Amino acid sequence: MSPKITVIGLGYLGATHAAAMAELGFDVLGLDILPEKTDLLSRGLAPMYEPGLEDILRRHVVGLPESSGRLAFTTSYAEAAAFGDIHFICVNTPQKPGEYACDMSYVDSAVDSLAPHLDRPALVVGKSTVPVGSAARLARRVAELAPAGEEAELAWNPEFLREGFAVEDTLRPDRIVAGVTSERAEALLREVYSTPLAGGTPFITTDLATAELVKTAANAFLSTKISFINAMAEICETAGGDVVKLAEALGYDDRIGRKFLRAGIGFGGGCLPKDIRAFMARAGELGAAEALAFLREIDSINMRRRVYMVELTRETLGGSLLGKRVAVLGAAFKPDSDDVRDSPALNIAGQLHLQGAEVTVHDPKAMENAKRVFPTLRYADGATEAAQGAHAVLHLTEWAEYGELDPAVLGGVVGARHILDGRNTLDPELWRKAGWTYRALGRPTA
Ligand code: UGA
């Protein structure tokens, strides 16, 4: 009999993981402490925008027409413990307010709520991104609280999914990392992932600490790559070079590669920014602060790009933002997501507004989330509506639909033809030909 699976925490990671496990053929019970989330999911609706997720939910959520019935939801830990052989912990680990360290309270409370109900052999599998050393501590906690004692084990299996590609990344991961302390745990994880393993996905077994580190090191590396090219953009700005050409030429060296070398307003979201900070905080606790001191610079380069975009807008508008109308295209931290957590786009929109500009924002999917964070900005239903009368248009999240905007049509509604490309994905020639001034980070002005 296949193991039964529970997924605890139904956010970006957990909702996708639960659906994907059902798609792979397992019986799955998803748990969240928020009934509004489990209610939505029980109706086959995703609590966030993630391409393809609702299709799988509809295929498997129990009670929906023609579904496999393999996926159900609950708010009860007792029910989850009774149901599952393997329990995936997918709750979030946000940055603590006013500190670099991450807030482990959701992970701790998931373990503390589940473990006392584990009265038969069970494997608790951590997926959340946590400071190194957490898994060993949580393993002791599980053994201590579970009536099953040592029969209730813990493993660490970090998740590398990208928002916008979460379903694909979960069903066909590029690697599976299993931090385990027993052969039984490894065998169970191999069984859970037998489909991707049969498809050739590498499976790397490690100790608990290494598994935790693979995740934080990967995100630290990705952040470093983005900040590296953004630092080169700063040099291009002073030396008169073109960072887009530079990145293209660097990318042909396959030791460097083209991916994650897109210069612009930098990285945001619920992962990279808080993960590098939590990593620094943890290194400090371990007495190894120096090893990660460079991440402070990576963070500063990244945050500077937002300030620079505001300055570039001010300069474009003749030195003052006061009373100027600015259209901001994009609020999500990246395209194909409605996530505005630490979004560079929304952060820039907010700064412009606070400095006196009249900002109108459009985003294809993130409007509701953006309004919640920044209710004082104006919001328009379309890019063209947002650009009505604007003295400058800022392209800050590279949604495909913005790449298809016709500069001539948009030029007909704006107050002045100034386009600022914060993502370096629009075609400067096309916009310039239509009479716009095109400006971007790390690129020559004309
Ligand atoms: C990131 C990692 O890419 C995933 O591997 C990881 O699993 C995930 O965090 C996580 O820790 O859960 P995600 O936050 O979905 O995934 O977003 P990314 O695709 O990494 O993009 C992050 C930010 O970097 C975005 O704001 C994006 O616009 C920016 N970015 C990305 C650039 O500015 N330049 C680039 O070249 C690439």
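A. Structural detail: the pairing of strand β13 (residues 418-421). Looking at chain direction, strand β12 (residues 392-395) and β13 are connected through three bridges and run parallel. The residue bridging V393 from the neighbouring strand is I419, located in β13. With four bridges connecting them, β13 and strand β14 (residues 437-440) associate as parallel partners. Looking across to β14, one finds that I419 is bridged to Y438. A crossover connection joins β13 to the parallel β14 through helix α19 (residues 428-433); in handedness this β-α-β unit is right-handed.

B. Local environment of the pattern of salt bridges. Counting across every chain of the model gives 32 salt bridges. Residue D339 is joined to R341 by a salt bridge in which the shortest nitrogen-to-oxygen separation is 2.8 Å. When salt bridges that share partners are traced, they join E234, E237, E297, R304 and R305 into one network.

C. Expanded view of the side chain of S134. Note on placement: S134 falls in helix α6 (residues 134-145). When sequence neighbours within four positions are dropped, the list of residues in contact with S134 reads M104 and E212.

D. Focus on α6. Over its twelve residues, α6 runs 16 Å from end to end, which matches the ideal 16 Å to within 8%, given 1.5 Å per residue. Every buried residue of α6 is listed here: S134, A135, L138 and V142. Buried residues in α6, looked at end-on, bunch into an arc of 85°, giving them a common side. In α6, those exposed residues whose orientation departs by more than 90 degrees from the buried face are R140 and E144.

E. Here's a closer look at the domain arrangement of the protein. For the protein, the assigned domains are domain 1 (5-206) and domain 2 (207-446). A straight line from the C-alpha centre of domain 1 to that of domain 2 covers 32 Å. Contact with domain 1, which involves 33 residues of that partner, is made by 30 residues of domain 2. Of the roughly 2700 Å² buried between domain 1 and domain 2, counting both surfaces, carbon and sulfur atoms make up 62%. Of all residues in domain 1, Y49, Y100 and V132 bury the most surface against domain 2, accounting for 30% of the area lost on that side. Joining domain 1 to domain 2, the criterion identifies one salt bridge. Here E163 ties to R341 by a salt bridge, and the two come within 3.3 Å at their closest N and O atoms. Across the contact surface, domain 1 and domain 2 share 15 residue pairs in polar contact (both at pLDDT 80 or more). The set of elements that each furnish at least two residues to the side of domain 1 that touches domain 2 consists of α6, β6 (152-156) and β7 (176-179). Across the side of domain 1 that touches domain 2, the residue classes tally to 20 nonpolar, nine polar and four charged.

F. View of the environment of E237. With respect to the helices and strands, the residue E237 is situated in helix α10 (residues 208-239). For E237, a relative accessible area of 24% translates into the label partly exposed. Along the sequence, E237 and L441 sit 204 residues apart, while their C-alpha atoms lie 7.4 Å from each other. Aside from chain neighbours lying at most four places away, what touches E237 is R305, Y308, L441 and G442. Engagement of the side chain of E237 in a polar contact is seen with the side chain of R305, the distance being 2.9 Å.

Reading the values: the criteria
Residues numbered from 1 in each chain as written. Predicted model: local features only at pLDDT ≥ 70, side-chain atom pairs only at ≥ 80, totals over all residues. Heavy atoms only, no water. Pairing = 2+ DSSP bridges. Helix = DSSP H or I, 4+ residues; strand = E, 2+ residues; numbered from the N terminus. Right-handed = clockwise from strand over helix to strand, strands pointing away. Salt bridge = Lys/Arg side-chain N within 4 Å of Asp/Glu carboxyl O. Contact = heavy atoms within 4.5 Å. Expected span 1.5 Å × (residues − 1). Buried < 20%, exposed > 50% of the residue type's maximum accessible area, 1.4 Å probe, protein only. Arc of directions from axis to C-beta. Domains from an automatic or database assignment. Buried area = accessible area lost by both parts, 1.4 Å probe. Polar contact = N/O pair within 3.5 Å; in protein donor to acceptor, adjacent residues only side chain to side chain. Nonpolar A, V, L, I, M, F, W, Y, C, P; charged D, E, K, R; others polar.

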